[in-house]
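# Close look at the chain arrangement
Each chain, written out:
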There are 2 protein chains.
Amino acid sequence: MALTERTLLGPGPSNPYPEATAGLSAPLLGHLDPEFIGLLERTCDRLRAVWGTANPLTLPLSGTGSIGMEAAFANTVRRGDVAVIAVNGLFGARMCEVAARYGAEVVRVDHAWGEPVDVERVLAAHPAPAIVAAVHAETSTGVRSDIAALGAALRERSPEALLLADCVTSLGGTEIALDAWGVDIAYSGTQKCLGVAPGLAPFSFSERAWQRRVTAPPIWYLDLGLLGAYVRGGPGGRTYHHTAPVAMIASLDAALERIAEEGVDAVAERHRAAGRRLQEGLVEMGLELFAAEGHRLPQLTTVRVPGDVDSAKVREQLLTEYGIEIGAGAGEYASSVWRIGLMGHNARMDRAELVLGALRRVLRR
Amino acid sequence: MALTERTLLGPGPSNPYPEATAGLSAPLLGHLDPEFIGLLERTCDRLRAVWGTANPLTLPLSGTGSIGMEAAFANTVRRGDVAVIAVNGLFGARMCEVAARYGAEVVRVDHAWGEPVDVERVLAAHPAPAIVAAVHAETSTGVRSDIAALGAALRERSPEALLLADCVTSLGGTEIALDAWGVDIAYSGTQKCLGVAPGLAPFSFSERAWQRRVTAPPIWYLDLGLLGAYVRGGPGGRTYHHTAPVAMIASLDAALERIAEEGVDAVAERHRAAGRRLQEGLVEMGLELFAAEGHRLPQLTTVRVPGDVDSAKVREQLLTEYGIEIGAGAGEYASSVWRIGLMGHNARMDRAELVLGALRRVLRR
């Protein structure tokens, strides 16, 4: 059955790069085929380039973005470990829930939604945390937090702590430098700025985190000891763990090749330019942006729904009349905020003008 | 970069149905788009048809086949629960490892590899198990076990026990009747007889299992309470859990449509006919089949490597000269057995003749 074409300008998935779509339907290889192993190694190298890391354990996990969060805590938290978690939106809150399931003593540092993470408050929350976690780009609020500053301050204050950064909405759209920032554990999803369908969770784990990892974590599927033996190999060669999602990995590889050819910095600049135009246009229309000024993500804009407007009805009209998907707000902002993404292949001026024009018509502004 | 075309006749992945490949590159929908929700519901319905079940909680989990095993144990095992696990190959052994990680007291019933599960021995292993688990189609040995008989005997002996069946290599290639057989928990993978790329784990959970499920299992990503709220909805409508792998699900839906059009029984018969021809041809060539007679899977044939033959060299020659992938053996049979799959789109007479012809040339028989 034919599916309808949509312009996906919500918080993800975004429309994939054409190269990524072509990669999905390329001839399928076996997961142990030498040609696939070469492709996987190249994909991991290309992931290292967009992450800004030399971590040997950098790979796409076989699940959607959330599985990255799960793997991060499953492989690092021992019962009773103190995890200081910055919460400035839905995904910070989810980290608290996931960490608690693995037995962490969670110290939750709440912020107003729409505000960035306050480095001083996070570091003052506990004198000796095992893990400090924050979201780089909060998908629920459209806010970017300064992970570089958090990393630098953490190294001064609690050099033993592992630093975890959720990069689901930043990877491939915003410059990231895991190694320079001192991030030990990071994960992302493919369906945002990387411009690939949902289904993989890029993941990176520092040697420091590897030395302190949990051996035999509760979850076998995400046991990094076993995964590492397949991805990195070992004295006895590669050990089969589970069948890799080969089509999705070929698609990710193709998108990363496209990003490399354009240049990581140029791609980030393209995201910035498109997001700036969208945010200017929304303000010109008399709308109010939600995220704190100076901390707004260009790839994901949050805007307040005018008081006299039915939020869901506008979204439905955009979908049915223009084929444009934008997102509702998250949590308590479900009907008072819209989320508009210009990510990956959609981080373009024409997409910004398209959604501005359609919104102007629908809102009669 | 162009990938080489292969004929994938190993233990999976197999070459996808053309419809499944087309589904992968269909226009991408958002995971909350009403059109996608309709597609997901249809996919779950079609899964119920191939599983032979009315279980409301029947869905594709967002990971490869192994994640189905993980979800099965994560949502059912409480610390100290007795899990009787039949082991007649690699995947039975893996169930023991996964169950143990969730705190099960594992009662392992070992069988010789290549033999089917002995119902009497399994049931005699413990008087009151919480879970009894077996593999329907052992991917490591090519053996089919009689889950219907196990279910019937279990209902007599330990009616309280939940029955778990690994159907990774059977679903879509062999008739399955979960409800009639009394199976409570079943999982599969898409890359075998369903004829889809790897990346999803079809999963089915009975109402009885649902009533007794673990609430808040260690793993958030596979928490069926949360997943059910997205897939089945609830009083407050559907609750977002994680971004579904929409392209993979569209692909699975297309393959299931193809299977439904051909007819589940006709598809199984096609697998039987192709597998029979392959097994006859191998015997005619003077080779010895590995799996016990009368219990051989048509979709996955295991054959002993002749003593004077270098197993890996033959596989490499098939791959490089003929573009054909067959599998090595598993575990201690790595170099003494080959595994040849005729699954999904490859369950065809021409594929059987192709691999027989190529093997005959390479082995000079």
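Predicted, not measured: the structure shown is a model, and the values here were computed from it.

Moving on, we get to the interface of chain B and chain A. Between chain B and chain A, the contact holds 63 residues from the first and 63 residues from the second. A combined buried area of about 4,900 Å² lies between chain B and chain A, and 61% of that area is made up of carbon and sulfur atoms. When the buried area of chain B at its contact with chain A is split by residue, Leu3(B), Arg101(B) and Trp220(B) rank highest and sum to 16% of it. Applying the counting criterion to the chain B and chain A interface returns 6 salt bridges. Viewed at the interface, chain A and chain B are joined by 18 residue pairs in polar contact (both at pLDDT 80 or more). The set of elements that each furnish at least two residues to the side of chain B that touches chain A consists of helix H1 (18-24), helix H2 (34-51), helix H3 (65-74), helix H4 (90-101) and helix H10 (246-262) of chain B.

This part covers the pairing of strand E11 (residues 300-304) of chain A. Successive side chains on a regular strand alternate, one facing one side of the sheet and the next facing the other. All names here are of chain A. By the criterion of burial, E11 is predominantly enclosed, with 4 of the 5 residues buried. Note: E11 against strand E14 (residues 337-341), 5 bridges, orientation antiparallel. Bridge pairing links Thr302 to Arg339 in E14.

For the rest of this paragraph, the subject is the packing of aromatic side chains. Under the criterion given, the structure shown has 6 aromatic pairs over all chains. Arranged with centres 5.8 Å apart and planes meeting at 20°, the rings of Phe203(B) and Phe205(B) form a pair that is stacked. For the residue pair Phe203(B) and Phe205(B), the accessibility class agrees, reading buried in each case. For the cation-ring pair, Arg213(A) lies above Trp210(A), with the distance from its terminal atom to the ring centre recorded as 3.7 Å.

With that settled, consider the side chain of Ser206(A). Residues and elements named next belong to chain A. Locating Ser206 in the fold gives a position in the loop between strand E10 (201-205) and helix H8 (207-211). Residue classification places Ser206 among the buried positions, given a relative accessible area of 7%. Apart from the residues lying within four places of it in its own chain, the contact partners of Ser206 are Asn55, Val183 and Asp184.

For the structure shown, the criterion picks out 44 salt bridges over all chains. When the shortest N-O distance is used, the salt bridge between Arg208(A) and Asp184(A) registers 3.0 Å. Separated by 24 residues along the polypeptide, Arg208(A) in helix H8 and Asp184(A) in the loop between helix H7 (178-181) and strand E9 (185-187) bring together distant segments of the chain. In this structure, Glu353(B) and Arg277(B) form a salt bridge, with 2.6 Å as the shortest nitrogen-oxygen distance. Of this pair, Glu353(B) sits in helix H13 (residues 349-363) while Arg277(B) is found in helix H11 (residues 264-284), placing the two residues 76 residues apart along the sequence. On the basis of relative accessible area, Glu353(B) is assigned to the partly exposed category, the value being 36%. With relative accessibility at 18%, the residue Arg277(B) sits in the buried group. Each of the salt bridges in this network shares a partner with another, and the network as a whole consists of Glu19(A), Arg258(A), Glu262(A) and Arg270(A).

Time to look at the relation of the copies chain B and chain A. Put simply, the two copies of the chain differ by a rotation about an axis and a shift along that axis. Placing chain B over chain A gives an RMSD of 0.0 Å and needs a rotation angle of 180°, together with 0.0 Å of translation along the axis. Here the copies are linked by what is in effect a two-fold axis. Measuring from the rotation axis to each C-alpha of chain B, the shortest distance belongs to Gly63(B), at 2.4 Å. A share of 100% of the interface residues of chain B reappears at the interface of chain A, consistent with the copies meeting face to face through the same patch.

Another point: the environment of Met343(B). Residue and element names in this part refer to chain B. Here Met343 shows up in the loop between strand E14 (337-341) and H13. Linking Met343 and Glu70, residues 273 residues apart in sequence, is a C-alpha distance of 24 Å. Those residues within four positions of Met343 in sequence are excluded, and the remaining contacts are Gly10, Pro11, Gly12, Ser14, Thr169, Lys192, Cys193, His271, Gln299 and Leu300.

Next up on the list: the UniProt feature "binding site: substrate" (unreviewed entry) in chain A. Residues and elements named next belong to chain A. The UniProt feature table records "binding site: substrate" (unreviewed entry) at Arg339. Relative to the helices and strands, Arg339 is located in strand E14. Overall, Arg339 belongs to the buried group, its relative accessible area being 12%. Reaching out from Arg339, the side chain makes a polar contact with the backbone oxygen of Thr139 at a distance of 2.8 Å.

All names here are of chain B. Taken in spatial order, the 7 strands make up an open sheet running E2-E10-E9-E8-E5-E3-E4, and their pairing is mixed. Here the strands that pair on one side only, and so sit at the sheet edges, are strand E2 (57-61) and strand E4 (105-110). On average, each strand axis in the sheet is tilted by 15° relative to the strand beside it, whichever way the strands run. Across 6 bridges, the pairing between strand E3 (residues 82-87) and E4 is parallel. Opposite Val84, over in E4, you have Val107 as the bridge partner.

Analysis parameters
Residues numbered from 1 in each chain as written. Chains lettered and ligands numbered in written order. Predicted model: local features only at pLDDT ≥ 70, side-chain atom pairs only at ≥ 80, totals over all residues. Heavy atoms only, no water. Contact = heavy atoms within 4.5 Å. Buried area = accessible area lost by both parts, 1.4 Å probe. Salt bridge = Lys/Arg side-chain N within 4 Å of Asp/Glu carboxyl O. Polar contact = N/O pair within 3.5 Å; in protein donor to acceptor, adjacent residues only side chain to side chain. Helix = DSSP H or I, 4+ residues; strand = E, 2+ residues; numbered from the N terminus. Buried < 20%, exposed > 50% of the residue type's maximum accessible area, 1.4 Å probe, protein only. Pairing = 2+ DSSP bridges. Phe/Tyr/Trp six-rings, centres within 6.5 Å; stacked < 30°, edge-to-face > 60°. Lys NZ or Arg CZ within 6 Å of the ring centre and 35° of its normal. Least-squares fit on C-alpha atoms with pLDDT ≥ 70 in both. UniProt positions renumbered as here; feature names shortened; annotations may be inferred. Axes fitted to C-alpha atoms, helices over the stretch in contact; angles between N-to-C directions.

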